[in-house]
Amino acid sequence: MNWQADGHDVVLAVSGASGASLGVAVLDRLTALRIRVHLVVTDGGKRTLAHEVGPETHGRMLLKAHTWYDNKDIGSAIASGSFPVSGMIVAPCSMKTLAAIATGVSETLVARAADVQLKERRRLVLMTRETPLHLGHLRNMTSVTEMGAVVMPPVPAFYNRPQSIEDVVDHLARRAIDLLGLSLPHQSRAWTGEASFTQLNTAIGSAPKSRA
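About the thresholds
Residues numbered from 1 in each chain as written. Predicted model: local features only at pLDDT ≥ 70, side-chain atom pairs only at ≥ 80, totals over all residues. Heavy atoms only, no water. Helix = DSSP H or I, 4+ residues; strand = E, 2+ residues; numbered from the N terminus. Polar contact = N/O pair within 3.5 Å; in protein donor to acceptor, adjacent residues only side chain to side chain. Contact = heavy atoms within 4.5 Å. Expected span 1.5 Å × (residues − 1). Buried < 20%, exposed > 50% of the residue type's maximum accessible area, 1.4 Å probe, protein only. Pairing = 2+ DSSP bridges. Axes fitted to C-alpha atoms, helices over the stretch in contact; angles between N-to-C directions.

### Describing the side chain of Thr-57
Then, in step 1: The topology assignment puts Thr-57 in helix α3 (residues 57-64).
Then, in step 2: Engagement of the side chain of Thr-57 in a polar contact is seen with the backbone oxygen of Gly-54, the distance being 2.8 Å.
Then, in step 3: Contact partners of Thr-57, with chain neighbours within four places excluded, come to Val-24 and Leu-49.

In structure tokens form, the structure reads like this:
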């Protein structure tokens, strides 16, 4: 991989929540942008990747990443605020990982790396994956938001009329990257008004339904 010498470094964590394909899509999109990805996959994340995407997925992700770390290695580079990165995405973010970040319990590298983003005032995007939510989940989301994180549940955008699950996942991955606020071209498809989307969908043979 021909990495940009003056490009961005981004931490990507994949936890054990359902939605493992989100992490794969974020990695694919970041590497396509020549961003150096520092990857951490939890044990739960490895299991979910194997179950939802395929047993070889984790290995392929390690090959694509610029650097990868064991989640138990709390002495690695990304555990220190002195190591310069442009931000971090947790995709997906389990409620266990969310709780660790919200309470500052940095017993794993994922939690510690996220804590570093907050203390260094860097962008932290959490693609929290759970439903329905109980009060503890909501309080943890409030806590991390108050500390500066961006909570981004992977809610599909239906306005762009996705034709497949891959379309939904790709849009969410692009949206998460946009939220890092890097000096990059906008990745996700922006809403430009109902008229423009109506014209596009009519052109491809999918006329919009009238609204009640």
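### Examining helix α7 (residues 165-178)
Then, in step 1: Here α7 is 14 residues long and its end C-alpha atoms lie 20 Å apart, about the 20 Å a rise of 1.5 Å per residue gives.
Then, in step 2: Along α7, the positions that sit buried rather than exposed are Val-169, His-171, Leu-172, Ala-173, Ala-176, Ile-177 and Asp-178.
Then, in step 3: The inward-facing, buried residues of α7 abut α1 (20-32), β4 (88-93) and β5 (124-128).

### Here's the deal with the sheet that holds β4
Then, in step 1: One open sheet accounts for six strands, arranged β3-β2-β1-β4-β5-β6; its pairing is parallel. Each edge of the open sheet is held by one strand with a lone partner, namely β3 (67-69) and β6 (150-151).
Then, in step 2: Alignment of β4 against β5, held across four bridges, turns out to be parallel. Across the sheet, Cys-93 pairs through a bridge with Thr-128, a residue of β5.
Then, in step 3: Against the sheet, helix α2 (residues 43-52) touches β1 (9-14) and β2 (36-41), its axis set at about 95° to β2.

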